[in-house]
Amino acid sequence: MFEIEIKAHVYDYNTTEAKLNSIATYQGKTEKQDTYWHFATPGKTNTQGRPYISVRIRKEQTNDDTKVFLTYKRKELKQRADGTTFEVNDEQETLIADATPLELLLSDTGYVPAVKKQKRVQGWIYDTPHGQAHIELCTVPPLGDFIEIEILSASNEKETVATIHKQLCDILALCDIPQSQIEPRFYTDMLKEATQEKY
């Protein structure tokens, strides 16, 4: 499946939360702790043009339930003629019982923990003609608040992606968030920049 997604800055969390409650079905709160492990690949680049392979280990807590996921994404940023940016990701994810053996394996095979990310998330579901849109209102320290909207698609053909992207922008408009607030950068890049600014 291909994950077609946009994310945008949220400058009025409470207003956006109220708007989402009025248009979509609430799914609850989740705490997500991500560690991105990188493996250097000199002379070879990934789909983002980076000289490393990246995998993510996510520890996700909902109420008293904790789950651990291993995720590998082939990520691609696309830009429309109007300048708006969105992601089309080939995402492969699996649930694992315990992160420790995998972390040891990654460390012993040359991967290093490169970026850590925390997300406090509230989630909603919104039905569209193209399937369910998953909407998250996220707080990502120290970056601020964001809305993420994604629809999973079996196809990444240009016409399909363009149609779904328009639907994502329509949902963003329903939340009274202008497209000018769409953030084209990946969280990992933003976190690296924020960390560098401290020194």
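Described in the following lines is the structure provided in the data block. (Residues numbered from 1 in each chain as written. Predicted model: local features only at pLDDT ≥ 70, side-chain atom pairs only at ≥ 80, totals over all residues. Heavy atoms only, no water.)

Focus: the packing of aromatic side chains
Moving on, step 1. Summed over all chains, the structure comprises 3 aromatic pairs.
Moving on, step 2. Seen from their ring centres, F39 and Y111 are 5.2 Å apart, and the 35° between their planes marks the pair as tilted. Of this pair, F39 sits in strand β2 (residues 25-40) while Y111 sits in the loop between α2 (99-108) and β6 (112-128), placing them 72 residues apart in sequence.
Moving on, step 3. Assessed through its relative accessible area of 28%, F39 is described here as partly exposed.
Moving on, step 4. Considering the side-chain rings of F146 and Y187, the 5.3 Å spacing of their centres and the 85° angle between planes classify their relative orientation as edge-to-face. On the criterion of sequence distance, the pair formed by F146 in strand β8 (residues 144-153) and Y187 in helix α4 (residues 187-197) is long-range, its members being 41 residues apart. (Phe/Tyr/Trp six-rings, centres within 6.5 Å; stacked < 30°, edge-to-face > 60°. Helix = DSSP H or I, 4+ residues; strand = E, 2+ residues; numbered from the N terminus. Buried < 20%, exposed > 50% of the residue type's maximum accessible area, 1.4 Å probe, protein only.)

Some points on the pairing of strand β3 (residues 52-62)
Moving on, step 1. Where β2 meets β3, 10 bridges bridge the pair, whose relative direction is antiparallel. Its bridge partner being in β3, Q33 is matched across the sheet by K59.
Moving on, step 2. Between β3 and the antiparallel strand that follows it, strand β4 (residues 65-79), lie 2 residues; N63 among them carries a positive phi value of about 55°. (Pairing = 2+ DSSP bridges.)

Notes on helix α3 (residues 158-174)
Moving on, step 1. Taking 1.5 Å per residue as the helical rise, α3 with its 17 residues ought to reach 24 Å, and the 25 Å between its terminal C-alpha atoms agrees with that figure.
Moving on, step 2. Every buried residue belonging to α3 is among V161, I164, H165, Q167, L168, C169, I171 and L172, and all of these are buried.
Moving on, step 3. Packed against the buried residues of α3 are β1 (2-10), β5 (85-96), β6, β7 (131-140) and β8.
Moving on, step 4. One or two residues past the end of α3 sits D176, with phi positive at roughly 60°. (Expected span 1.5 Å × (residues − 1). Contact = heavy atoms within 4.5 Å.)

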